[in-house]
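Okay, here's what each chain looks like letter by letter:
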Number of protein chains: 2
Amino acid sequence: MQTSLPNWLMQRAFLTPERVAVYDERAQKTFMELHESAAKKARQLASAGVRKGDIVAVFMKNSVAMIELIHALHYLGAVVLLQNTRLTSYELAWQLKDSGAVCVIADDELADRIEENVRVITVSELSALPKAEAEFQQYYHLDDVATIMYTSGTTGKPKGVLQTYGNHWWSAIGSALNLGLHENDCWLAAVPFFHISGLSIMMKSVIYGMSMYVMRAFDAKKANDLIIAGKVTIMSVVSAMLQKMLADLGERRYPETFRCMLLGGGPAPKPLLEACKANGIPVYQTYGMTETSSQIVTLAPEYSLTKLGSAGKPLFPAQLRIEKDGKAARPYEHGEIVVKGPNVTKGYLHRPDATEEAIRDGWFYTGDIGYIDEDGFLYVLDRRSDLIISGGENVYPAEIEAVLLSHEAVEEAGVTGIDDETWGQVPCAFVKLKSGYSVTAEQLKQFCQERLAKYKIPKQIYFVEQLPRNASQKLLRRELKQLIPNN
Amino acid sequence: MQTSLPNWLMQRAFLTPERVAVYDERAQKTFMELHESAAKKARQLASAGVRKGDIVAVFMKNSVAMIELIHALHYLGAVVLLQNTRLTSYELAWQLKDSGAVCVIADDELADRIEENVRVITVSELSALPKAEAEFQQYYHLDDVATIMYTSGTTGKPKGVLQTYGNHWWSAIGSALNLGLHENDCWLAAVPFFHISGLSIMMKSVIYGMSMYVMRAFDAKKANDLIIAGKVTIMSVVSAMLQKMLADLGERRYPETFRCMLLGGGPAPKPLLEACKANGIPVYQTYGMTETSSQIVTLAPEYSLTKLGSAGKPLFPAQLRIEKDGKAARPYEHGEIVVKGPNVTKGYLHRPDATEEAIRDGWFYTGDIGYIDEDGFLYVLDRRSDLIISGGENVYPAEIEAVLLSHEAVEEAGVTGIDDETWGQVPCAFVKLKSGYSVTAEQLKQFCQERLAKYKIPKQIYFVEQLPRNASQKLLRRELKQLIPNN
């Protein structure tokens, strides 16, 4: 079996040169123009010393320039580390060090947040560099790593998820086999490219030969205007975005050309789904994660009435089962969601143990809890026992606990998510102080601010005498909520 | 990279059980019903002794039962040898012997044409068999051989082309990335499943979750009626079929729901393409062969005006080049068409030498002659220097010559194609008799009738003194036409 394909953007520039690849507020670029820009950037990166196999971090907000840069790095055979623009210097430095990235390409206004001892090239600096000769990857080998995104687990140590060209390819194909592929499709990217939900749109664009519309930052009004004007036919959202769009929409309705609102990023509130139904918005609920290179389970609107709240069935190349105590669960029995498919990561960077634990016999253990009904539809109950999803961002309690524990006054710390109307959930911390020490909640929040992205900072900090632990002293995060006064 | 996928029909029966998989004149079956029928047939085949890895020949005309049977054989992990129903007993026997098929499943009315000493099970007999326990293939391994179809080359000895699950998968995906995939698609299969043009529709149906409409034998009037009634949206044809449909169509027009007339099986006459354009028929010209598991190069209608007569550009996963004297040809320079892609066969059954000659460094040498224009569009000039395409069927001169030479009166024989209004081309033979022997053209045709399918029998046989040969005595088939009296 041949496991390489012609370089995707170059093939598009050859096959469909005049088709529009990308729009933004100001302009548009055809696949040929996008290729030419990517090739130019690749030669500039080559003159900056980027070589095949290098890991290069990209620290940028959504833009056409960011798309060009990612393609350019792939032209050179470099591996792209995508960094969340909301991370602190401390978090960024950890990823750069752990991955061994050779340099960071950063938006001009973000560059000074990189404090790690690594070469930083701003977007302006890159565009001023001369062009060097460079050998471009004519083929993408499906087993090669294309991108890395960091994610944390229950241990709190962020791990680099390896996403191969094949993962992206199969994710795009699985989605097309489910959603179909129309000549006039244009996918609105208002979710960030440093998340798999955004990056996967960019990959689909070159694989399908489909237009995409790039939004620098999500804006509910602008998104609604684009849909109503018929400029986009598909959009990826998380609940918080959809809620804002509904509020802005008012009495207006989307046209029939808008065929899919792909809703991911955690279980969706039922009132939201019902409001969408009342407004005729074709919501496809979906379940996926960084490790599955975006969606792996999706609910078609034809089932949105009868299977309300379900994440649906696997994409065609994928499979799903619920495991309970090492055995397949019966319908409706709760257990761990286990998935399989060619879109699933081959593992974590430099973490053979974590990889071996997560992927067994080809099946990926998500750590999420759910059940399957008698027709095979998945219902997600809880993302990884302790994962908090806040406005579509993954927040890992262990990561916040580690920061709190590094404060001299803190003896023990536990973090859990509490419901929030705007963000779905927000983190909330429980702290036991060392005897003889004292600190205020405000002081602890300030301490966190230097070390954690804003969305990870506990909204509430409670001081407690004792944290709930089991016999082997493992923290019982699910029981933390009971410590909230008057809860 | 994982190279296996969940069993296609079983996955469809799970994901989209209620969607219609197949229609024919009388009925329809959902994917769940098709799966149940296939599973039943698989158990009956198991009771007949069919085992994983067996090669089983299928000698049937298009029907829902044939689709079920092919899926059933794949459930058991058997390899399906598809046999052209127009072949003679002599030709069939050769394929059965060469392939080592363990048995033949034949339509009742065709069964007595099998004279080779091999077990024949008629469709009626199969349906009366008891069901045995059987282990079904839960996964299709993309490298495994799914089907075999025989084709001849310049040597005249038919060779079994190995088509893997992966070849069929990538062919379907490449086509979808080019033609798109609509929710209401229904593909009309009026070409036989024993040809790759027909079989590929069946594969697309389960991979896409798309309906198909099966026609037992092509009927221009019925095909037009189906299109006009909006029952089918895509159809595969060869020129001779399209010509008949145009003649039947008259002043009527196809509705907009009909979005693709996929035209393969050899270079299309320009007047036909022009007539289609005048009638608003969305013709996609295409180039492909048994070895590429159907289309590999396709022209989109948006180019049908400017690139009239071109077969188009490669499908997204594939590549194409023209080779002349071992080097890449310049634009417009004529040379051999060489292709690459994951839909290309891994070779010929039991023919390592032929495989090595045809596939070099991952590229498949088609033997066909063509050129590429400055924009990369392919123009096919001649199918393999000596291949005759008659009504969409491949006819190999060397195969006919071999039969003629086996006649006691024939000393030398040469066969070439001559133009024919109905069939595009028909074979024409030139024979030099042994001294002292005499035979009539009619007698020779009768001799051929016992050994060759009807469409291979020379329409004209000319007796000549000498055949054109080069210095090394190689027959110059292209010069044969000059021997036709008054030509």
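Cut-offs applied
- Residues numbered from 1 in each chain as written.
- Chains lettered and ligands numbered in written order.
- Predicted model: local features only at pLDDT ≥ 70, side-chain atom pairs only at ≥ 80, totals over all residues.
- Heavy atoms only, no water.
- Contact = heavy atoms within 4.5 Å.
- Salt bridge = Lys/Arg side-chain N within 4 Å of Asp/Glu carboxyl O.
- Polar contact = N/O pair within 3.5 Å; in protein donor to acceptor, adjacent residues only side chain to side chain.
- Helix = DSSP H or I, 4+ residues; strand = E, 2+ residues; numbered from the N terminus.
- Nonpolar A, V, L, I, M, F, W, Y, C, P; charged D, E, K, R; others polar.
- Buried < 20%, exposed > 50% of the residue type's maximum accessible area, 1.4 Å probe, protein only.
- Least-squares fit on C-alpha atoms with pLDDT ≥ 70 in both.
- Expected span 1.5 Å × (residues − 1).
- Pairing = 2+ DSSP bridges.
- Axes fitted to C-alpha atoms, helices over the stretch in contact; angles between N-to-C directions.

## Description of the interface of chain B and chain A
Alright, step 1. Taken residue by residue, the interface counts 40 residues in chain B and 40 residues in chain A.
Alright, step 2. Counting every contact that joins chain B to chain A gives zero salt bridges.
Alright, step 3. Viewed at the interface, chain A and chain B are joined by 11 residue pairs in polar contact (both at pLDDT 80 or more).
Alright, step 4. Broken down by secondary-structure element, the contributors of at least two residues to the side of chain B that touches chain A are strand E1 (4–6), helix H1 (8–15), helix H6 (165–179), helix H7 (196–208) and strand E17 (313–314) of chain B.
Alright, step 5. For the side of chain B that touches chain A, the element with the most residues is H6 of chain B, which contributes six residues.
Alright, step 6. Across the side of chain B that touches chain A, the residue classes break down as 25 nonpolar, eight polar and seven charged.

## Notes on the side chain of Ser-99 of chain B
Residue and element names in this part refer to chain B.
Alright, step 1. Mapped onto the secondary structure, Ser-99 falls in helix H4 (residues 89–99).
Alright, step 2. The buried category is assigned to Ser-99, whose relative accessible area is 6%.
Alright, step 3. In contact with Ser-99, other than residues within four places in its own chain, are Ile-55, Leu-81, Tyr-150, Leu-349 and His-350.

## Some remarks on the relation of the copies chain B and chain A
Alright, step 1. Superposing chain B onto chain A requires a rotation of 180 degrees together with a translation of 0.0 Å along the rotation axis, leaving an RMSD of 0.1 Å. With respect to symmetry, the two chain copies, as superposed, fit the operation of a two-fold axis. Within chain B, Leu-181 of chain B has its C-alpha nearest the rotation axis, a separation of 2.4 Å.

## Points about helix H6 (residues 165–179) of chain A
Residue and element names in this part refer to chain A.
Alright, step 1. For H6, built from 15 residues, the straight-helix expectation of 21 Å at 1.5 Å per residue is met to within 8% by its first-to-last C-alpha distance of 21 Å.
Alright, step 2. For H6, a buried count of 14 out of 15 residues is recorded, marking the element as mostly surrounded by other parts of the structure.
Alright, step 3. Backbone geometry just after H6 places Gly-180 at a positive phi near 80 degrees.

## Some words on the sheet that holds strand E3 (residues 28–30) of chain B
All names here are of chain B.
Alright, step 1. Spatial strand order, E3-E2-E12-E11-E13-E14-E15-E16-E17: nine strands in an open sheet with mixed pairing. With partners counted over all chains shown, the strands left at the sheet margins are E3 and E17, one partner each.
Alright, step 2. One ladder, built from five bridges, connects strand E13 (residues 234–238) with strand E14 (residues 260–264); its direction is parallel. Within E14, the residue paired with Met-235 across the bridge is Met-261.

## Examining helix H3 (residues 64–75) of chain A
Residue and element names in this part refer to chain A.
Alright, step 1. Taking 1.5 Å of rise per residue, the 12 residues of H3 would be expected to cover 16 Å, and the 16 Å separating its terminal C-alpha atoms lies within 8% of that figure.
Alright, step 2. The element H3 is largely enclosed, with a buried count of 11 among its 12 residues.
Alright, step 3. For H3, the set of buried residues is Val-64, Met-66, Ile-67, Glu-68, Leu-69, Ile-70, His-71, Ala-72, Leu-73, His-74 and Tyr-75.
Alright, step 4. Once H3 ends, the next one or two residues include Gly-77, with phi positive near 80 degrees.

## Overview of the pattern of salt bridges
Charged atoms that come close allow side chains of opposite charge to pair.
Alright, step 1. Under the defined criterion, the tally for this structure stands at 48 salt bridges over all chains.
Alright, step 2. As a salt-bridge pair, Asp-373 of chain A and Lys-307 of chain A come within 2.8 Å of each other at their nearest N and O atoms. Here the residue Asp-373 of chain A occupies a position in the loop between strand E22 (363–372) and strand E23 (378–382), and Lys-307 of chain A occupies one in the loop between strand E16 (294–298) and strand E17 (313–314), the gap between them amounting to 66 residues.
Alright, step 3. Taking relative accessible area as the criterion, Asp-373 of chain A reaches 4% and is therefore assigned buried.
Alright, step 4. Taking the shortest distance from any N to any O, the salt bridge between Glu-109 of chain B and Arg-216 of chain B comes out at 3.0 Å. Remark: Arg-216 of chain B occurs in the loop between strand E12 (211–214) and helix H8 (220–228) and Glu-109 of chain B occurs in the loop between strand E6 (103–106) and strand E7 (119–122); sequence separation between them is 107 residues.
Alright, step 5. Taking the relative accessible area as the measure of exposure, Arg-216 of chain B reaches 42% and is therefore partly exposed.

## Structural notes on the sheet that holds strand E26 (residues 410–420) of chain A
Residues and elements named next belong to chain A.
Alright, step 1. Spatially, the three strands line up as an open sheet ordered E26-E27-E28, and their pairing is mixed. Here the strands that pair on one side only, and so sit at the sheet edges, are E26 and strand E28 (460–463). Each strand axis lies, on average, 25 degrees off the axis of its neighbour in the sheet, ignoring direction.
Alright, step 2. Here four bridges tie strand E27 (residues 424–433) to E28, and the two strands are oriented parallel to one another. Across the sheet, the residue bridging to Phe-430 is Tyr-462, located in E28.
Alright, step 3. The sheet strands contacting helix H12 (residues 397–405) are E26 and E27, and the helix crosses E26 at an angle near 145 degrees.
Alright, step 4. Strands in contact with helix H13 (residues 441–449) are E26, E27 and E28; relative to E28, the strand with the most contacts, it is inclined by about 125 degrees.

## Details of the side chain of Asn-224 of chain A
Residue and element names in this part refer to chain A.
Alright, step 1. Inspection of the secondary structure puts Asn-224 in helix H8 (residues 220–228).
Alright, step 2. Of note is the side chain of Asn-224, whose polar atom sits 2.7 Å from the side chain of Asp-248.
Alright, step 3. When near neighbours in sequence (up to four residues on either side) are disregarded, Asn-224 contacts Met-245, Asp-248, Leu-249, Arg-252 and Tyr-254.

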